[in-house]
Amino acid sequence: MMNFLRKHKVKIFLITIFGFLAGTFVGFGSYIFGSKTDFNTVAVVGKEKIPYKLYYSLYNSSLEILRQSGMEITDYLKTRTQNDILRSLVQDEIIWQQTKKYGVTVSDTELAADIQKYPYFLDDKGNFDVRYYYKFLNNMRFSPKEFETLRRKQIAANKLKVLVASAASVSKEELEEMKKENPDINEDYALQIKANRLLNDWFDDIRKKTKVEITLDKFQQN
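Here's a quick rundown of the structure. (Residues numbered from 1 in each chain as written. Predicted model: local features only at pLDDT ≥ 70, side-chain atom pairs only at ≥ 80, totals over all residues. Heavy atoms only, no water.)

## A closer look at the pattern of salt bridges
So the rule is basically this: Criterion for a salt bridge: a side-chain nitrogen of Lys or Arg within 4 Å of a carboxyl oxygen of Asp or Glu. Under the DSSP-based scheme used, a helix requires at least four consecutive residues in state H or I and a strand at least two consecutive residues in state E, with every element numbered from the N terminus. Relative accessibility thresholds used throughout: buried, under 20% of the residue-type maximum; exposed, over 50%; partly exposed, between the two (1.4 Å probe, protein chains only).
Going through the model one piece at a time under the given rule, you end up with eleven salt bridges. Lys159 is the salt-bridge partner of Glu110, the closest N and O atoms lying 2.8 Å from each other. Of this pair, Glu110 sits in helix H5 (residues 108-116) while Lys159 sits in helix H7 (residues 144-165), and the two are 49 residues apart along the sequence. Residue classification places Glu110 among the partly exposed positions, given a relative accessible area of 32%. Among the residues examined, Lys159 registers a relative accessible area of 32% and is labelled partly exposed.

Below, the structure is given as structure tokens:
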């Protein structure tokens, strides 16, 4: 099992990076495009820059995974991959900035525990092996600081999403209305729908208030 996870660790990692936002935020709003390309930055969210190095590493790794899976790497696929990664990185940064406003933090202890439980950093006995960790970072062309910053943002974002979603509630009247459209719906599922709507509305609101400038000249808005 461990050998399988390590063999596919880059694919699993990319799923981890982008998966936690998938299906949550359906709207994203418009962008402001910079007048000229900044070769060290792909976007500026508020006053924070998203480094080109991070974007480029994820982009290349994603294309390599697609190539190994047998997919033809067309111009359309390159553009779609580019757009998906850039949007995810921008979303990450927007939420990260909100975690600071809400006082959501991730301690060094939490971060270390998170990294040390990743299956593809464990040896055959289930113990964290720093050699696998650094080999992985080398393959991804990440420094420990870059990877750990990325994970800290993800953990904080998940905490904030739970906090926002916890405000959702479903009244008996709302549940009855939902049952008219779907008789099989139960209270838990109805609450999940309400939580997703709440998260979407929350994110849409903060997105509109956050200035996002794209400095990557080949980015195409879908």
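That was the structure; now back to the text.
## Some thoughts on the environment of Ile115
Definition in use: Two residues qualify as a contact provided that any one of their heavy atoms is within 4.5 Å of a heavy atom in the partner residue.
Within the fold, Ile115 resides in helix H5. Residue class for Ile115 comes out buried when judged on its relative accessible area of 6%. Sequence separation between Ile115 and Phe128 is 13 residues, and the spatial gap between their C-alpha atoms is 8.7 Å. Setting aside anything within four residues of it in sequence, one finds Ile115 in contact with Phe121, Phe128, Tyr133, Phe147 and Glu148.

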